[in-house]
Amino acid sequence: MTALIELSNISVQFDGRQVLDNVSLSINKGEIITLIGPNGAGKSTLVKVLLGLQKRYSGKISKPKKLKIGYVPQKLKLNEALPLDVSRFLRLAGRFSQQEIQDALTLTGAQHLLANDMHALSGGETQRVLLARALLQRPDVLVLDEPAQGVDVQGQIDLYDLIDTIRRRFHCAVFMVSHDLHLVMAKTDHVICLQHHICCSGAPAAIAQHPKYIALFGETRQETFAFYHHQHDHHHHDLAGQPVKCAGPTCSHQTHGHQKHD
Ligand SMILES: Nc1ncnc2c1ncn2[C@@H]1O[C@H](COP(=O)(O)OP(=O)(O)OP(=O)(O)O)[C@@H](O)[C@H]1O
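Residues numbered from 1 in each chain as written. Predicted model: local features only at pLDDT ≥ 70, side-chain atom pairs only at ≥ 80, totals over all residues. Heavy atoms only, no water.

### A word on helix H1 (residues 43–51)
- For H1, the complete set of buried residues consists of Lys43, Thr45, Leu46, Val47, Val49 and Leu50.
- Taken from the residues just after H1, Gly52 is the one with a positive phi, measuring 80 degrees. (Buried < 20%, exposed > 50% of the residue type's maximum accessible area, 1.4 Å probe, protein only. Helix = DSSP H or I, 4+ residues; strand = E, 2+ residues; numbered from the N terminus.)

### Side note on the site of the ligand
- In the neighbourhood of the ligand, 14 residues make up the surrounding shell, with Asn39, Gly40, Lys43, Ser44 and Thr45 lying closest.
- Between the ligand and the protein, one listed contact pairs an oxygen atom with a side-chain N or O atom of Arg17 at 3.3 Å.
- Residue Lys43 places a side-chain N or O atom 2.7 Å away from an oxygen atom belonging to the ligand.
- The fraction of the free accessible surface of the ligand (630 Å²) that becomes covered by protein chains is 64%.
- Residue assignment for the shell around the ligand shows that the elements contributing at least two residues are strand E2 (17–28) and H1.
- For the shell around the ligand, the element with the most residues is H1, which contributes three residues. (Near = heavy atom within 4 Å. Polar contact = N/O pair within 3.5 Å; in protein donor to acceptor, adjacent residues only side chain to side chain. Areas by Shrake-Rupley, 256 points an atom, 1.4 Å probe, with all protein chains shown as cover.)

### Notes on the environment of Ala110
- Mapping Ala110 onto the fold places it in the loop between helix H3 (98–107) and helix H4 (123–136).
- A residue is classified by how much of its surface remains accessible, and Ala110, at 0% relative accessible area, is buried.
- Considered as a pair, Ala110 and Gly124 are 14 residues apart in the sequence and their alpha carbons are 9.9 Å apart.
- Apart from the residues lying within four places of it in its own chain, the contact partners of Ala110 are Leu105 and Arg128. (Contact = heavy atoms within 4.5 Å.)

What follows is the structure in structure tokens.
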């Protein structure tokens, strides 16, 4: 695999407190990496280091100068007093044509939101608009900080499906932060478990059984995985998250490698 970004021995201290301790990882082309860890583990700080927003750190970051990183933040801070529709919000991100904006929204299943008020979007709708904004930049690496926060279970499954589809379509790498492994598991190639330092990392099925993961999060309940598989036994989703009928060889492609996790 081709490494797009390599972090070597990244350490960050705040007020003498070690928030990141010698963290090393690489992000490879076409790979989905999920960073999990409890509250305060340093996940957002690591994302900020990756994005160049956290300047004070020790260690080394290697990446090509022209590497494009698309970022979907954990929270969107908007001025409530200013009216802002989705179309205008996306145009603020750069010089994009209306067609490009419509295409990006269509990709993320949010085309019907074009004229909607940004302040009135649901959690899931906001995430789709933010994903569209990130995709407008044609990123090599898509970084998502807790994309499923405030989204219901079916919405989360659909969102992770969408992220997987985007990865396949754009051949970009995805680096996302999650609080837990349950629903994200089937859509992840590699899991990194962070508690200031990397406790363990590897394939999701192996991490779910790793003693250090279990010490932090407890046993992953089998019924959670059963729920996920049950949902996907019946139908697949299009980019808008709508169930679609599926048959033939393309259908098996859309199972996204579930067999790896059984
Ligand atoms: N700029 C800052 N100055 C001082 N302390 C900070 C700063 N940013 C983060 N911290 C502290 O560093 C620790 C890690 O924060 P961080 O936001 O990276 O954790 P996290 O794993 O993303 O947590 P959560 O899951 O709650 O979002 C926390 O104790 C936080 O209070």
